[in-house]
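Descriptive analysis of the structure
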Amino acid sequence: MEQKMVTNPSLWVAIIILSSCLWTPITNAEYIKYKDPRQPLNKRIRDLMDRMTLEEKIGQMTQIERSVASTEVMNKYFIGSVLSGGGSVPAKKASPETWIKMVNEFQTGSLSTRLGIPMIYGIDAVHGHNNVYKATIFPHNVGLGATRDPQLVKRIGAATALEVRATGIPYVFAPCIAVCRDPRWGRCYESYSEDPKIVQEMTQIIPGLQGDLPHNAKGVPFVGGQNKVAACAKHYVGDGGTTKGINENNTVIDYHGLLSIHMPGYYNAIINGVSTIMVSYSSWNGLKMHANYNLVTGFLKNKLKFRGFVISDWQGIDRITSPAHANYSYSVHAGIHAGIDMIMVPYNYTEFIDELTLQVKKNLIPMTRIDDAVKRILRVKFQMGLFEHPLADTSLIHQLGSQEHRDLAREAVRKSQVLLKNGKSPHEPMLPLSKKAGKILVAGSHANNLGYQCGGWTIEWQGLSGNDLTQGTTILTAIKKTVDPKTQVVYQENPNPNYIKSNKFSYAIVVVGEPSYAETQGDSLNLTISSPGYNTIKNVCGSVKCVVVVVSGRPVVIEPYVSKMDALVAAWLPGTEGQGVADVLFGDYGFTGKLSRTWFKSVNQLPMNVGDRHYDPLFPFGFGLTTKPTKGY
């Protein structure tokens, strides 16, 4: 049967109009260039930015603390990033599932915005996933520097990435690549070494965290899949060189010194594809780094060609003025003009958004500066696959605190131990200790204290004391596990000499050190250990053969007491796996660690670093006695 052709023109017009009405939204939904992972990265960025309003762009530049975030806030203000401050958790001893649920809730707020740009959640994971209950806590960087083992540090980065991803988080504020030039600084334990060459070598943690860069992609931000995280090199630049080690203070050094001592780690970080760089609170020759256009934009972005995003520190722009927040309009202008792309606000986000919006509308900050910031933030988000995989699942929760990671941490602990003295004469070494001794005394405030052993940035920002903070092995427990079952181990925190002499101990292990601290709270002009540590050393070592183990984030005053000891070990801040300390004390493994810091005689010598003209240390940089493993001893 032959069909008749429709000849009514008005009918054709109606059909065409109806068709276009039906198909227009479908074709739009079908293809949006920035959502297509097959498109080149720059085309995706350009397409998305062309669609964004000023409000959406400034939202991307805003990072807020989890305690003020919600799905509604994420949606209303187009927030680009959320963070956990030190110790900020969804619940005490929260499970990985609880973390994932929280992160995903914030993310659904971001995904429900007009353009659906995912937020990026960041957290401090500076020695493992240190805010999270039951995570593996690795040695702090000062200990890792003593291992001289960049590949070990790379493996720690990979393990940390898995544990962070296990809780649904894709971004870490690590590594700290400060070059600590004065141990009086409260963040010295976050520094691998006083020697920039060692810090450069230890930037291998970045490919551990982020994945190895493809061969053709040197120097571009890179995150290699859902088992890896975006890293953040910090704190740019000169944070470890402040006068008297005062935190957030002034680094007085010429341009050549800044580039040769404090900058080299950033060259390596950028070559290794670091995604983000955090600016330092400190000043360089009187100018706050958060307001330093020449170093942030001129040097980092233009000369070094860093293509990731630059992030402020916590309330970093507020602290451009003294007192902080005294002139917020100035702080916003100075920080954004300097080249900071994302601002860690972290609480008063509406004040920041309103102020920045006003300054752009008044042409005080050019739109090109906003676009530079947003382009960099989007580059990292696209590159790490956040648009394709914005929501976390529970597939990696078994990685948190896994035995494999604890074994790796234990290896790091034993490789980080530095043997400073072994016997009162070279012919009579005290270590390794006998496992088959009749009765051993263990003494000292740090022998049975997991919190002190882990140090700051562990569960809480300042760290904790005691054994209830997380899962781990104290040095005392490790000693008991290592010795012969017939050996009696007696623990007395601060025994008196009469008690010691009347008990006929074969030998004593004295474990003393610093309390937990972080940042400014750790600044110290005297560098003494916690009381009654020195008294414990005198009482015990004056009564029985003893080895002293110092648990600290830096070299401390020990010179007046060394002659009383038979052996001395620098254990640094070993983390949860105290078994690594016992591994070398009892000879299952040999001591191999070398000082990554100069150990001074007196604080009056400070600052004193290797290569200085007047260099007269108690133990020089690079020092470390060795022992051989002795099985069945």
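Along every chain, residues carry numbers that run from 1 in the direction the sequence is written. Local features are withheld for residues below a pLDDT of 70 in this predicted model, meaning they are given only at 70 or higher, and side-chain atom pairs are given and counted only at 80 or more; totals for whole chains, interfaces and linings count all residues. The side-chain values count all of the structure's non-hydrogen atoms but skip hydrogen atoms and water molecules.

Notes on the confidence of the model for the protein chain
Looking at the protein chain as a whole, its pLDDT mean stands at 95, while 95% of the residues score no less than 70. How sure the predictor is of each residue is captured by pLDDT, a score from 0 to 100. Residue contacts are defined here by distance: any two heavy atoms, one from each residue, within 4.5 Å place the two residues in contact. This model gives residues 1–28 a pLDDT under 50, and the stretch forms two contacts once residues within four places in sequence are excluded.

Details of the nonpolar core
Membership of the largest hydrophobic core comes to 119 residues, with the highest contact counts inside it found for Tyr-236, Phe-352 and Leu-356. Once you skip the residues sitting within four places of it in the chain, Leu-356 turns out to touch Ile-58, Met-61, Val-332, Ile-336, Ile-365 and Ile-370. Buried Ala, Val, Leu, Ile, Met, Phe, Trp, Tyr and Cys residues that are joined via side-chain atoms within 4.5 Å together make up what is termed a nonpolar core. Exposure classes here rest on a 1.4 Å probe applied to the protein chains alone. A residue is buried below 20% of its type maximum, exposed above 50%, and partly exposed in between. Grouped together as the second largest cluster of nonpolar side chains are 75 residues, Leu-441, Val-556, Trp-572 and Leu-618 included.

Structural notes on the environment of Pro-207
Helical segments are the DSSP runs of H or I of at least four residues, strand segments are the runs of E of at least two, and each set is numbered from the N terminus. Note that Pro-207 resides in helix α9 (residues 205–210). As for Pro-207 and Glu-428, which are separated by 221 residues in sequence, their C-alpha atoms are 44 Å apart. When sequence neighbours within four positions are dropped, the list of residues in contact with Pro-207 reads Lys-154, Asp-212, Lys-228 and Asn-272.

Description of the sheet that holds strand β11 (residues 343–344)
Spatial strand order, β4-β3-β2-β1-β11: five strands in an open sheet with parallel pairing. Of all strands in the sheet, those with a lone pairing partner are β4 (171–172) and β11, marking the two edges. Paired strands, as defined in this entry, are two strands with at least two bridges between them according to DSSP. The sheet contact formed by strand β1 (residues 62–65) and β11 spans two bridges and is parallel. In the sheet register, Thr-62 faces β11, and the bridge partner there is Ile-343.

Considering the sheet that holds strand β7 (residues 276–279)
The three strands are arranged β5-β7-β10 in an open sheet whose pairing can be described as parallel. The strands lining the two open edges of the sheet, one partner per strand, are β5 (232–236) and β10 (309–311). Strand-to-strand twist in this sheet, taken as the mean axis angle between neighbours without regard to direction, amounts to 25 degrees. Where β7 lies against β10, three bridges are found, and the strand directions are parallel. Bridge pairing links Met-278 to Ile-311 in β10. In the packing of helix α11 (residues 264–271) onto the sheet, contacts are made with β5 and β7, and the angle to β5 comes to roughly 155 degrees. Along the sheet, helix α12 (residues 293–303) makes contact with β5, β7 and β10, crossing β5 at roughly 140 degrees. An axis is simply a line fitted to the C-alpha atoms; with a helix, the fit covers only the stretch in contact. Between two such axes, the angle follows the N-to-C directions and lies from 0 to 180 degrees.

Here we look at unusual backbone geometry
A negative phi angle is the norm for most residues apart from glycine, just as the trans form is the norm for most peptide bonds. The linkage connecting Ala-174 with the following residue, Pro-175, adopts the cis geometry, with an omega of 10 degrees. Its place among the elements puts Pro-175 in the loop between β4 and α8 (196–202). Pro-532 follows Ser-531 through a cis peptide bond whose omega is 5 degrees. Here Pro-532 shows up in the loop between β15 (507–513) and α20 (533–541). The phi torsion at Trp-457 lies on the positive side, around 55 degrees, for a residue other than glycine.

Here's the deal with the environment of Gly-587
Considering the arrangement of structural elements, one finds Gly-587 in the segment after α21 (579–585). In this view, Gly-587 contacts Pro-432, Pro-629 and Thr-630; residues no more than four positions away in its chain are not counted.

Brief notes about the side chain of Lys-435
Residue placement: Lys-435 occurs in the loop between β12 (418–422) and β13 (439–443). You can call Lys-435 buried: its relative accessible area is 14%. Contacts described as polar in this section are N or O atom pairs within 3.5 Å, which, within protein, must combine one atom able to donate a hydrogen with one able to accept it, while residues neighboring in sequence count only if both atoms come from side chains. Of note is the side chain of Lys-435, whose polar atom sits 2.6 Å from the side chain of Asp-588.

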